[in-house]
Amino acid sequence: MKEIHVKDISAAVAKLCVDACCRLPADVRAAFAERQRSEPSPVGRDILGQLMQNADIAADETVPICQDTGLAVVFADVGQDVH
């Protein structure tokens, strides 16, 4: 049997939820940057730059990356033998 203190779990789950909504994973950010360098279209390069800038602002200000499509929904299942 494993014992988990609710306060600790709540803070960890809350941080993960915020990170999921506000922080673009580093590999995705790197893929955007790589695509921007290889994109032949000036409009495409500009849009990729805007996406990266938006992700930077979201991370810096802790606001959702995409504010018009909603937030991530997170389900946590701790099982039967956790108290």
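Data block above holds the structure.
Q: Looking at this model, I keep getting lost on the overall build of the protein chain. Mind explaining?
A: Helix and strand counts for the protein chain come out as 3 helices and 0 strands. Listed by position from the N terminus, the elements making up the protein chain come as α-α-α. The buried share of the protein chain, taken over its 83 residues, is 11%. A sequence separation of at least 24 residues applies to 62% of the contacts in the protein chain between residues at least 6 apart. With the model as given, the accessible surface of the protein chain reaches about 6,600 Å², and the carbon-plus-sulfur share is 58%.

Q: Before we go on, may I ask you to explain the environment of A20 in this structure?
A: Structurally, A20 can be placed in helix α1 (residues 6-22). Spatially, the C-alpha atoms of A20 and P64 are 8.7 Å apart, while their sequence positions differ by 44 residues.

Q: Explain the pattern of salt bridges here, please?
A: Any two side chains of opposite charge can pair, so long as their charged atoms come close to each other. A full pass over the atoms with the stated rule returns 4 salt bridges. For D19, the salt bridge is made with R23, and the minimal N-O distance between the two is 3.5 Å. As a salt-bridge pair, E34 and R37 come within 3.0 Å of each other at their nearest N and O atoms. Taken as a pair, E34 and R37 lie in helix α2 (residues 26-38) at a separation of 3 residues, close to a single helical turn. Counted as one network, the salt bridges with shared partners bring together K15, D19 and R23.

Q: What's the story with helix α3 (residues 42-61) in this structure? I'm lost.
A: Helical geometry: 3.6 residues make up each α-helical turn, so side chains three or four residues apart lie on a common side. Helix length check: α3, at 20 residues, gives a terminal C-alpha distance of 28 Å against a target of 28 Å (1.5 Å per residue), a fit within 8%. Of all the residues in α3, the buried ones are G44, L48, M52, A55 and A58. Buried residues of α3, viewed axially, fall in a sector of 120°; they line one side. Facing away from the buried surface of α3 by more than 90 degrees, the exposed residues are P42, V43, D60 and E61. The backbone nitrogen of V43 has a side-chain oxygen 3.2 Å away, supplied by the residue at the start of α3, namely S41. Looking one or two places after α3, you find T62, whose phi comes out positive at around 50°.

Calculation rules
- The residue numbering used here restarts from 1 in each chain and proceeds along that chain's sequence as written.
- Under the rules for a predicted model, residues below a pLDDT of 70 receive no local features and side-chain atom pairs below 80 are neither given nor counted, while totals for whole chains, interfaces and linings still include all residues.
- Values reported for side chains reflect all heavy atoms of the structure, with hydrogen atoms and water molecules removed beforehand.
- The helix count covers DSSP runs of H or I at least four residues long, the strand count covers runs of E at least two residues long, and both are numbered beginning at the N terminus.
- Accessibility here uses a 1.4 Å probe with only protein chains present; expressed as a share of the type maximum, an area under 20% marks a residue as buried, one over 50% as exposed, and anything in between as partly exposed.
- Contacts between residues were defined by any pair of non-hydrogen atoms, one from each residue, lying within 4.5 Å.
- Exposure was quantified through the Shrake-Rupley algorithm and a 1.4 Å probe, taking into account, for residues, occlusion by the shown protein chains and nothing else.
- Take a side-chain nitrogen of Lys or Arg and a carboxyl oxygen of Asp or Glu: if they are within 4 Å of each other, that pair is a salt bridge.
- Helix span is expected to be 1.5 Å times the residue number reduced by one.
- In this description, one arc is meant: the one made by directions from the helix axis to the C-beta atoms.
- Whenever a nitrogen or oxygen atom comes within 3.5 Å of another N or O atom, the pair is scored as a polar contact, on the condition that within protein one atom can donate a hydrogen and the other can accept it, and that pairs from neighbouring residues in sequence are kept only if both atoms are in side chains.

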